[in-house]
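Residues per chain are reported as follows:
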Amino acid sequence: MSLTQRDSQMIWHPFTQEKTADLPIVIKEGKGSYLFDDKGKKYVDLISSWWVNLHGHGHPVICDAIYSQAKKLEHVIFAGFTHEPAVLLCEKLRTSVPSSLTKFFFSDNGSTAVEVALKMAHQYWRHKGEAQRTVYLGFDGGYHGDTFGAMAVGKKSHFHDPFHKLLCDSIFLPFPSTWKNDEHIVQKEERALDALAHILQEKGNMLSAFICEPLVQGAGGMRMCRPEFLARVVRMIKDHGILVIYDEVMTGFGRLGTYFATEQVGVAPDFLCIAKGLTGGFLPLALTVTTQDIYDAFLDDAWEKAFAHGHSYTANPIACSAALASYELLQRQETHTAIHNIHVSHERGLRMLHEECGHMVRGLRCTGTIAAWEVNAEHTPPAYFKKEFLRRGLLLRPLGNTIYILPPYAVTTEDLDDAYSIIADVMKGAR
Ligand SMILES: *Cc1c(COP(=O)(O)O)cnc(C)c1O
(Lines give C-alpha, C1' and ligand atoms only; values in the text may rest on other atoms or scores of the structure.)
Protein backbone atom coordinates (compact mmCIF):
# COMPACT_ATOMS: atom_id res chain seq x y z
CA MET A 1 0.00 0.00 0.00
CA SER A 2 1.25 3.47 -0.81
CA LEU A 3 1.87 5.99 1.93
CA THR A 4 -1.07 8.12 0.73
CA GLN A 5 -3.37 5.08 0.93
CA ARG A 6 -2.17 4.29 4.44
CA ASP A 7 -2.66 7.97 5.29
CA SER A 8 -6.22 8.07 3.97
CA GLN A 9 -7.18 5.01 6.03
CA MET A 10 -6.44 6.83 9.26
CA ILE A 11 -5.65 10.49 9.07
CA TRP A 12 -8.05 13.42 9.22
CA HIS A 13 -6.26 16.46 7.78
CA PRO A 14 -6.72 20.08 8.93
CA PHE A 15 -8.95 22.51 7.01
CA THR A 16 -9.75 19.74 4.53
CA GLN A 17 -13.02 18.45 3.07
CA GLU A 18 -11.96 14.83 3.20
CA LYS A 19 -14.66 13.73 0.75
CA THR A 20 -13.48 15.82 -2.19
CA ALA A 21 -9.84 16.55 -1.39
CA ASP A 22 -7.07 15.26 -3.63
CA LEU A 23 -4.71 12.77 -2.04
CA PRO A 24 -2.02 14.57 -0.06
CA ILE A 25 1.42 14.96 -1.57
CA VAL A 26 4.13 13.05 0.27
CA ILE A 27 7.02 15.36 1.09
CA LYS A 28 10.34 13.67 1.70
CA GLU A 29 12.70 16.55 2.11
CA GLY A 30 12.88 20.30 2.52
CA LYS A 31 15.89 22.42 1.69
CA GLY A 32 15.94 26.23 1.58
CA SER A 33 12.80 27.37 -0.18
CA TYR A 34 12.28 23.96 -1.84
CA LEU A 35 10.24 20.91 -0.93
CA PHE A 36 10.77 17.55 -2.64
CA ASP A 37 8.08 14.89 -2.96
CA ASP A 38 8.49 11.11 -3.00
CA LYS A 39 8.82 11.15 -6.79
CA GLY A 40 11.64 13.67 -6.64
CA LYS A 41 9.48 16.55 -7.89
CA LYS A 42 10.59 19.95 -6.62
CA TYR A 43 8.19 22.63 -5.34
CA VAL A 44 9.06 26.23 -4.48
CA ASP A 45 7.40 26.85 -1.12
CA LEU A 46 5.80 30.26 -1.71
CA ILE A 47 3.61 30.18 1.40
CA SER A 48 6.37 29.36 3.91
CA SER A 49 4.51 26.16 4.84
CA TRP A 50 1.44 27.96 6.22
CA TRP A 51 3.37 31.11 7.13
CA VAL A 52 5.72 29.55 9.67
CA ASN A 53 9.03 29.19 7.86
CA LEU A 54 11.44 32.13 7.83
CA HIS A 55 14.96 31.13 6.81
CA GLY A 56 14.18 28.16 4.59
CA HIS A 57 13.65 24.48 5.31
CA GLY A 58 16.35 22.53 7.12
CA HIS A 59 18.46 25.57 8.05
CA PRO A 60 21.62 24.07 9.59
CA VAL A 61 21.95 26.71 12.35
CA ILE A 62 18.50 25.87 13.71
CA CYS A 63 19.00 22.11 13.20
CA ASP A 64 22.21 22.23 15.27
CA ALA A 65 20.60 24.30 18.03
CA ILE A 66 17.76 21.77 18.31
CA TYR A 67 20.13 18.80 18.41
CA SER A 68 22.42 20.18 21.07
CA GLN A 69 19.53 21.32 23.29
CA ALA A 70 17.78 17.94 22.95
CA LYS A 71 20.89 16.23 24.28
CA LYS A 72 21.01 18.53 27.32
CA LEU A 73 17.36 18.91 28.35
CA GLU A 74 14.38 18.10 26.16
CA HIS A 75 11.65 19.36 28.49
CA VAL A 76 10.79 20.24 32.05
CA ILE A 77 7.60 21.41 33.74
CA PHE A 78 7.56 25.24 33.58
CA ALA A 79 5.56 25.86 36.78
CA GLY A 80 8.09 26.15 39.57
CA PHE A 81 11.01 25.50 37.17
CA THR A 82 12.85 27.47 34.53
CA HIS A 83 15.77 27.06 32.12
CA GLU A 84 18.29 29.17 30.28
CA PRO A 85 16.84 28.94 26.72
CA ALA A 86 13.52 30.46 27.92
CA VAL A 87 15.18 33.28 29.86
CA LEU A 88 17.66 34.06 27.09
CA LEU A 89 14.91 34.13 24.47
CA CYS A 90 12.84 36.64 26.44
CA GLU A 91 15.94 38.79 27.07
CA LYS A 92 16.55 38.94 23.31
CA LEU A 93 12.94 39.54 22.33
CA ARG A 94 12.58 42.28 24.93
CA THR A 95 14.84 44.46 22.78
CA SER A 96 12.61 43.94 19.71
CA VAL A 97 9.17 44.63 21.24
CA PRO A 98 7.89 48.04 22.45
CA SER A 99 9.63 49.00 25.71
CA SER A 100 6.33 48.93 27.63
CA LEU A 101 6.02 45.17 26.99
CA THR A 102 8.13 43.46 29.64
CA LYS A 103 6.28 40.30 30.75
CA PHE A 104 6.38 37.11 28.68
CA PHE A 105 3.87 34.24 28.93
CA PHE A 106 4.69 31.11 26.95
CA SER A 107 2.32 28.75 25.15
CA ASP A 108 2.63 26.67 22.01
CA ASN A 109 0.66 28.03 19.04
CA GLY A 110 -1.00 31.13 17.67
CA SER A 111 -4.48 30.28 18.93
CA THR A 112 -3.25 29.75 22.48
CA ALA A 113 -1.23 33.00 22.38
CA VAL A 114 -4.49 34.79 21.50
CA GLU A 115 -6.50 32.80 24.04
CA VAL A 116 -4.05 33.82 26.77
CA ALA A 117 -4.35 37.52 25.87
CA LEU A 118 -8.17 37.35 25.81
CA LYS A 119 -8.29 35.56 29.17
CA MET A 120 -5.76 37.89 30.79
CA ALA A 121 -7.76 40.92 29.61
CA HIS A 122 -10.97 39.43 31.00
CA GLN A 123 -9.48 38.57 34.37
CA TYR A 124 -7.64 41.92 34.55
CA TRP A 125 -10.96 43.77 34.46
CA ARG A 126 -12.39 41.56 37.20
CA HIS A 127 -9.41 42.36 39.39
CA LYS A 128 -9.86 46.07 38.62
CA GLY A 129 -13.52 45.98 39.72
CA GLU A 130 -14.87 46.40 36.18
CA ALA A 131 -16.23 42.90 35.66
CA GLN A 132 -18.89 44.25 33.26
CA ARG A 133 -16.18 44.58 30.59
CA THR A 134 -16.80 41.24 28.87
CA VAL A 135 -17.16 42.20 25.20
CA TYR A 136 -14.32 42.08 22.69
CA LEU A 137 -13.89 44.33 19.69
CA GLY A 138 -12.34 43.17 16.43
CA PHE A 139 -12.27 43.85 12.71
CA ASP A 140 -14.47 42.34 10.01
CA GLY A 141 -12.41 39.62 8.33
CA GLY A 142 -9.99 39.22 11.23
CA TYR A 143 -8.72 35.71 11.96
CA HIS A 144 -7.14 34.78 15.28
CA GLY A 145 -7.15 30.99 15.45
CA ASP A 146 -9.47 28.04 15.93
CA THR A 147 -9.96 27.73 19.69
CA PHE A 148 -13.15 29.14 21.23
CA GLY A 149 -11.92 32.55 22.35
CA ALA A 150 -10.01 33.03 19.12
CA MET A 151 -13.08 31.99 17.10
CA ALA A 152 -15.23 34.51 18.99
CA VAL A 153 -13.00 37.43 17.97
CA GLY A 154 -12.70 36.08 14.42
CA LYS A 155 -16.42 35.48 13.82
CA LYS A 156 -16.45 37.71 10.76
CA SER A 157 -13.82 35.58 9.05
CA HIS A 158 -16.62 33.02 8.49
CA PHE A 159 -14.26 30.10 9.09
CA HIS A 160 -16.26 29.06 12.15
CA ASP A 161 -19.91 29.64 11.34
CA PRO A 162 -21.14 26.32 12.87
CA PHE A 163 -19.94 27.45 16.30
CA HIS A 164 -21.46 30.93 16.51
CA LYS A 165 -23.98 30.02 19.19
CA LEU A 166 -21.22 28.92 21.52
CA LEU A 167 -19.05 32.00 21.23
CA CYS A 168 -18.70 34.91 23.66
CA ASP A 169 -19.75 38.46 22.76
CA SER A 170 -17.79 40.46 20.29
CA ILE A 171 -18.39 43.48 18.07
CA PHE A 172 -16.74 44.18 14.73
CA LEU A 173 -15.49 47.26 12.95
CA PRO A 174 -15.40 47.60 9.18
CA PHE A 175 -11.87 46.96 7.89
CA PRO A 176 -10.85 49.47 5.20
CA SER A 177 -8.69 47.19 3.11
CA THR A 178 -6.69 48.92 0.42
CA TRP A 179 -4.53 48.31 -2.65
CA LYS A 180 -2.55 50.16 -5.29
CA ASN A 181 -4.43 53.09 -6.86
CA ASP A 182 -7.33 52.73 -4.42
CA GLU A 183 -9.33 55.94 -4.87
CA HIS A 184 -11.78 55.39 -2.05
CA ILE A 185 -9.47 54.63 0.82
CA VAL A 186 -10.03 57.92 2.67
CA GLN A 187 -13.84 57.50 2.64
CA LYS A 188 -13.54 53.84 3.72
CA GLU A 189 -11.30 54.80 6.62
CA GLU A 190 -13.59 57.63 7.72
CA ARG A 191 -16.56 55.25 7.72
CA ALA A 192 -14.67 52.79 9.90
CA LEU A 193 -13.62 55.56 12.30
CA ASP A 194 -17.21 56.80 12.52
CA ALA A 195 -18.38 53.28 13.30
CA LEU A 196 -15.72 53.07 16.02
CA ALA A 197 -16.75 56.41 17.55
CA HIS A 198 -20.34 55.18 17.66
CA ILE A 199 -19.41 51.86 19.29
CA LEU A 200 -17.22 53.57 21.87
CA GLN A 201 -20.00 55.95 22.79
CA GLU A 202 -22.69 53.27 23.04
CA LYS A 203 -20.74 50.36 24.49
CA GLY A 204 -17.34 51.72 25.51
CA ASN A 205 -17.69 50.68 29.15
CA MET A 206 -18.61 47.08 28.20
CA LEU A 207 -15.49 46.58 26.09
CA SER A 208 -12.66 44.52 27.49
CA ALA A 209 -10.14 44.52 24.65
CA PHE A 210 -9.69 45.30 20.99
CA ILE A 211 -7.82 42.72 18.92
CA CYS A 212 -6.37 43.09 15.43
CA GLU A 213 -3.79 41.72 13.05
CA PRO A 214 -1.70 44.84 12.52
CA LEU A 215 -1.57 46.00 8.87
CA VAL A 216 -2.32 42.67 7.17
CA GLN A 217 -5.26 40.34 7.79
CA GLY A 218 -3.86 36.92 6.86
CA ALA A 219 -6.51 34.22 6.60
CA GLY A 220 -9.15 36.89 5.86
CA GLY A 221 -7.52 37.24 2.43
CA MET A 222 -4.22 39.09 2.88
CA ARG A 223 -6.18 42.30 3.28
CA MET A 224 -4.00 45.32 3.98
CA CYS A 225 -4.69 48.64 5.71
CA ARG A 226 -2.68 51.82 6.13
CA PRO A 227 -0.60 52.24 9.30
CA GLU A 228 -1.93 55.80 9.87
CA PHE A 229 -5.46 54.43 9.97
CA LEU A 230 -4.66 51.71 12.49
CA ALA A 231 -2.76 54.19 14.65
CA ARG A 232 -5.88 56.40 14.82
CA VAL A 233 -8.08 53.42 15.72
CA VAL A 234 -5.77 52.26 18.47
CA ARG A 235 -5.37 55.76 19.94
CA MET A 236 -9.15 56.22 20.11
CA ILE A 237 -9.55 52.85 21.80
CA LYS A 238 -6.77 53.52 24.29
CA ASP A 239 -8.28 56.93 25.11
CA HIS A 240 -11.33 55.00 26.34
CA GLY A 241 -9.15 52.85 28.61
CA ILE A 242 -9.83 49.68 26.59
CA LEU A 243 -7.01 47.16 26.28
CA VAL A 244 -5.36 46.52 22.91
CA ILE A 245 -4.12 43.17 21.60
CA TYR A 246 -1.92 42.94 18.52
CA ASP A 247 -2.04 39.48 17.01
CA GLU A 248 1.32 39.37 15.22
CA VAL A 249 1.21 35.59 14.83
CA MET A 250 1.57 35.98 11.06
CA THR A 251 3.00 39.50 10.73
CA GLY A 252 5.98 39.16 13.10
CA PHE A 253 9.64 38.42 12.49
CA GLY A 254 10.28 40.62 9.47
CA ARG A 255 7.31 39.42 7.45
CA LEU A 256 6.11 43.00 6.90
CA GLY A 257 9.61 44.45 6.51
CA THR A 258 10.08 45.49 10.16
CA TYR A 259 10.77 43.10 13.03
CA PHE A 260 7.17 43.52 14.17
CA ALA A 261 4.36 45.38 12.36
CA THR A 262 3.88 47.23 15.67
CA GLU A 263 6.84 49.44 14.73
CA GLN A 264 5.00 50.70 11.65
CA VAL A 265 1.82 51.43 13.58
CA GLY A 266 3.80 53.46 16.11
CA VAL A 267 1.40 52.80 19.00
CA ALA A 268 2.22 50.01 21.46
CA PRO A 269 -0.46 47.49 22.46
CA ASP A 270 -1.13 46.02 25.92
CA PHE A 271 -0.62 42.50 24.54
CA LEU A 272 1.49 41.21 21.69
CA CYS A 273 0.78 37.65 20.47
CA ILE A 274 3.54 35.88 18.57
CA ALA A 275 3.91 32.31 17.29
CA LYS A 276 4.34 30.94 13.73
CA GLY A 277 7.77 32.36 12.77
CA LEU A 278 9.08 32.39 16.35
CA THR A 279 11.14 29.21 15.90
CA GLY A 280 11.84 29.88 12.23
CA GLY A 281 9.13 27.35 11.41
CA PHE A 282 10.75 24.35 13.10
CA LEU A 283 8.72 23.77 16.26
CA PRO A 284 5.51 24.99 17.85
CA LEU A 285 6.10 27.81 20.33
CA ALA A 286 4.21 30.99 21.19
CA LEU A 287 4.36 34.00 23.46
CA THR A 288 1.89 36.52 24.80
CA VAL A 289 3.88 39.59 25.82
CA THR A 290 2.27 42.15 28.09
CA THR A 291 2.87 45.11 30.39
CA GLN A 292 3.92 45.46 34.01
CA ASP A 293 0.48 46.97 34.71
CA ILE A 294 -1.38 43.85 33.53
CA TYR A 295 1.07 41.58 35.37
CA ASP A 296 0.75 43.55 38.62
CA ALA A 297 -3.05 43.24 38.60
CA PHE A 298 -2.67 39.48 39.17
CA LEU A 299 -0.35 39.80 42.18
CA ASP A 300 -2.08 38.95 45.45
CA ASP A 301 -1.67 36.81 48.54
CA ALA A 302 -4.68 34.80 47.36
CA TRP A 303 -3.91 32.11 44.79
CA GLU A 304 -7.33 32.78 43.22
CA LYS A 305 -6.00 35.97 41.61
CA ALA A 306 -3.27 34.10 39.74
CA PHE A 307 -3.57 33.45 36.03
CA ALA A 308 -4.62 29.79 36.09
CA HIS A 309 -3.56 28.83 32.60
CA GLY A 310 -0.79 26.63 31.24
CA HIS A 311 0.04 23.99 28.66
CA SER A 312 2.04 20.78 29.03
CA TYR A 313 4.73 21.97 26.63
CA THR A 314 4.92 25.55 27.92
CA ALA A 315 8.35 27.03 27.03
CA ASN A 316 9.71 23.76 25.69
CA PRO A 317 13.51 24.13 25.87
CA ILE A 318 14.13 22.65 22.40
CA ALA A 319 11.62 25.04 20.85
CA CYS A 320 13.18 27.95 22.79
CA SER A 321 16.63 26.98 21.44
CA ALA A 322 15.25 26.90 17.89
CA ALA A 323 13.76 30.36 18.51
CA LEU A 324 17.11 31.67 19.79
CA ALA A 325 18.86 30.37 16.67
CA SER A 326 16.17 31.91 14.47
CA TYR A 327 16.54 35.19 16.36
CA GLU A 328 20.25 35.18 15.65
CA LEU A 329 19.64 34.53 11.93
CA LEU A 330 17.13 37.39 11.79
CA GLN A 331 19.76 39.82 13.11
CA ARG A 332 22.11 39.08 10.22
CA GLN A 333 22.54 41.71 7.53
CA GLU A 334 21.98 39.07 4.85
CA THR A 335 18.49 38.41 6.23
CA HIS A 336 17.62 42.11 6.12
CA THR A 337 18.88 42.21 2.53
CA ALA A 338 16.84 39.12 1.64
CA ILE A 339 13.67 40.67 3.10
CA HIS A 340 14.29 43.86 1.13
CA ASN A 341 14.97 41.93 -2.07
CA ILE A 342 11.72 39.98 -1.76
CA HIS A 343 9.83 43.27 -1.51
CA VAL A 344 11.57 44.61 -4.62
CA SER A 345 10.78 41.39 -6.54
CA HIS A 346 7.13 41.61 -5.50
CA GLU A 347 6.84 45.19 -6.74
CA ARG A 348 8.37 44.15 -10.06
CA GLY A 349 6.10 41.10 -10.29
CA LEU A 350 2.96 43.10 -9.50
CA ARG A 351 3.86 45.68 -12.17
CA MET A 352 4.26 42.83 -14.66
CA LEU A 353 0.88 41.32 -13.67
CA HIS A 354 -0.75 44.74 -14.03
CA GLU A 355 0.69 45.15 -17.51
CA GLU A 356 0.24 41.60 -18.80
CA CYS A 357 -2.92 40.40 -17.05
CA GLY A 358 -4.71 43.76 -16.65
CA HIS A 359 -8.31 42.55 -16.86
CA MET A 360 -7.62 39.31 -14.95
CA VAL A 361 -6.30 40.91 -11.75
CA ARG A 362 -7.46 43.56 -9.30
CA GLY A 363 -6.51 44.81 -5.86
CA LEU A 364 -2.76 44.43 -6.40
CA ARG A 365 -1.03 45.05 -3.08
CA CYS A 366 2.18 44.43 -1.20
CA THR A 367 3.42 44.96 2.36
CA GLY A 368 6.96 43.82 3.17
CA THR A 369 7.39 40.23 1.96
CA ILE A 370 3.68 39.62 1.23
CA ALA A 371 2.12 40.30 -2.16
CA ALA A 372 -1.54 39.61 -3.01
CA TRP A 373 -4.28 40.28 -5.55
CA GLU A 374 -7.68 39.01 -6.59
CA VAL A 375 -8.09 37.07 -9.79
CA ASN A 376 -11.14 37.76 -11.97
CA ALA A 377 -12.03 34.29 -13.19
CA GLU A 378 -15.70 33.67 -12.49
CA HIS A 379 -15.71 30.52 -14.59
CA THR A 380 -12.66 28.93 -13.03
CA PRO A 381 -12.98 27.34 -9.57
CA PRO A 382 -10.28 28.55 -7.13
CA ALA A 383 -9.16 24.91 -6.71
CA TYR A 384 -8.01 24.93 -10.34
CA PHE A 385 -5.33 27.49 -9.58
CA LYS A 386 -3.90 25.63 -6.62
CA LYS A 387 -3.71 22.41 -8.60
CA GLU A 388 -2.22 24.03 -11.67
CA PHE A 389 0.39 25.90 -9.61
CA LEU A 390 1.39 22.63 -7.92
CA ARG A 391 1.63 20.88 -11.27
CA ARG A 392 4.04 23.61 -12.34
CA GLY A 393 6.14 23.30 -9.19
CA LEU A 394 4.77 26.17 -7.10
CA LEU A 395 3.33 25.63 -3.64
CA LEU A 396 0.66 28.34 -3.47
CA ARG A 397 -2.66 28.18 -1.64
CA PRO A 398 -5.10 30.82 -2.85
CA LEU A 399 -7.66 32.05 -0.30
CA GLY A 400 -10.84 32.00 -2.38
CA ASN A 401 -10.05 34.18 -5.39
CA THR A 402 -7.13 35.85 -3.61
CA ILE A 403 -3.71 34.75 -4.75
CA TYR A 404 -0.83 35.65 -2.46
CA ILE A 405 2.90 35.01 -2.20
CA LEU A 406 4.49 34.79 1.26
CA PRO A 407 7.88 33.16 0.72
CA PRO A 408 10.62 32.10 3.13
CA TYR A 409 13.48 34.61 3.20
CA ALA A 410 15.71 31.98 1.56
CA VAL A 411 13.82 32.29 -1.73
CA THR A 412 15.98 33.52 -4.62
CA THR A 413 15.13 36.49 -6.82
CA GLU A 414 15.27 34.17 -9.81
CA ASP A 415 12.73 31.75 -8.30
CA LEU A 416 10.39 34.62 -7.45
CA ASP A 417 10.64 36.11 -10.95
CA ASP A 418 9.98 32.67 -12.45
CA ALA A 419 7.02 32.20 -10.12
CA TYR A 420 5.44 35.45 -11.29
CA SER A 421 5.81 34.37 -14.95
CA ILE A 422 4.25 30.98 -14.24
CA ILE A 423 1.41 32.59 -12.27
CA ALA A 424 0.73 35.06 -15.11
CA ASP A 425 0.70 32.15 -17.54
CA VAL A 426 -1.76 30.12 -15.45
CA MET A 427 -4.05 33.13 -14.98
CA LYS A 428 -4.08 33.83 -18.73
CA GLY A 429 -5.31 30.25 -19.25
CA ALA A 430 -8.27 30.79 -16.88
CA ARG A 431 -11.64 32.32 -17.68
C1 LIG B 1 -2.36 31.33 12.06
C2 LIG B 1 -2.85 32.43 12.89
C3 LIG B 1 -3.33 32.21 14.18
C4 LIG B 1 -3.47 30.82 14.76
O5 LIG B 1 -2.23 30.23 14.93
P6 LIG B 1 -2.14 28.62 15.09
O7 LIG B 1 -0.71 28.40 15.43
O8 LIG B 1 -2.53 28.09 13.76
O9 LIG B 1 -3.07 28.25 16.16
C10 LIG B 1 -3.71 33.29 14.94
N11 LIG B 1 -3.63 34.54 14.45
C12 LIG B 1 -3.17 34.80 13.21
C13 LIG B 1 -3.08 36.20 12.75
C14 LIG B 1 -2.78 33.75 12.39
O15 LIG B 1 -2.35 34.02 11.15
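Just above, that's the structure.
Residues numbered from 1 in each chain as written. Predicted model: local features only at pLDDT ≥ 70, side-chain atom pairs only at ≥ 80, totals over all residues. Heavy atoms only, no water.

Undergrad: What is the right way to read the site of the ligand from this model?
TA: Near the ligand the following residues occur: Trp-51, Asn-109, Gly-110, Ser-111, Tyr-143, His-144, Gly-145, Glu-213, Asp-247, Val-249, Met-250 and Lys-276. Note that an oxygen atom of the ligand is positioned 2.8 Å from one of the backbone N or O atoms of Gly-110. The contact in question runs from an oxygen atom of the ligand to an N or O atom on the side chain of Ser-111, over 2.6 Å. Against a free-state accessible area of 380 Å², the protein chains account for coverage of 83% of the ligand. (Near = heavy atom within 4 Å. Polar contact = N/O pair within 3.5 Å; in protein donor to acceptor, adjacent residues only side chain to side chain. Areas by Shrake-Rupley, 256 points an atom, 1.4 Å probe, with all protein chains shown as cover.)

Undergrad: Looking at this structure, I do not really get a nonpolar patch on the surface. What am I missing?
TA: A grouping of Phe-15, Trp-50 and Phe-159 is seen on the molecular surface, where their side chains present a nonpolar patch of about 290 Å² in accessible area. Given the relative accessible area of 36%, Trp-50 is considered partly exposed. (Patch = residues over 30% accessible without salt bridge, like charges linked within 9 Å, V, L, I, M, F, W, Y side chains within 5 Å. Salt bridge = Lys/Arg side-chain N within 4 Å of Asp/Glu carboxyl O. Buried < 20%, exposed > 50% of the residue type's maximum accessible area, 1.4 Å probe, protein only.)

Undergrad: I'm lost on the side chain of Thr-279 in this one. Help?
TA: Inspection of the secondary structure puts Thr-279 in the loop between β11 (271–274) and β12 (286–291). At 3.2 Å, the side chain of Thr-279 forms a polar contact with the backbone nitrogen of Phe-282. Not counting residues up to four positions away in its chain, the partners in contact with Thr-279 are Ile-62, Leu-285, Ala-319, Ala-322, Ala-323 and Ser-326. (Helix = DSSP H or I, 4+ residues; strand = E, 2+ residues; numbered from the N terminus. Contact = heavy atoms within 4.5 Å.)

Undergrad: For this particular structure, what's the right way to read helix α4 (residues 84–94)?
TA: Here α4 has its buried residues at Pro-85, Ala-86, Leu-89, Cys-90 and Leu-93. The arc that holds every buried residue of α4, seen down its axis, measures 130 degrees, which confines them to one face. Of the surrounding secondary structure, the elements contacted by the buried residues of α4 are α3 (60–72), β4 (101–107), β11, β12 and α11 (317–331). (Arc of directions from axis to C-beta.)

Undergrad: What is the right way to read the environment of Asp-247 from this model?
TA: Within the secondary structure layout, Asp-247 lies in strand β10 (residues 243–247). Sequence separation of Asp-247 and Thr-16 is 231 residues, and the distance between their C-alpha atoms is 25 Å. Residues in contact with Asp-247, not counting those within four places in the same chain, are Val-114, Tyr-143, His-144, Ile-211, Cys-212, Glu-213, Pro-214 and Cys-273.

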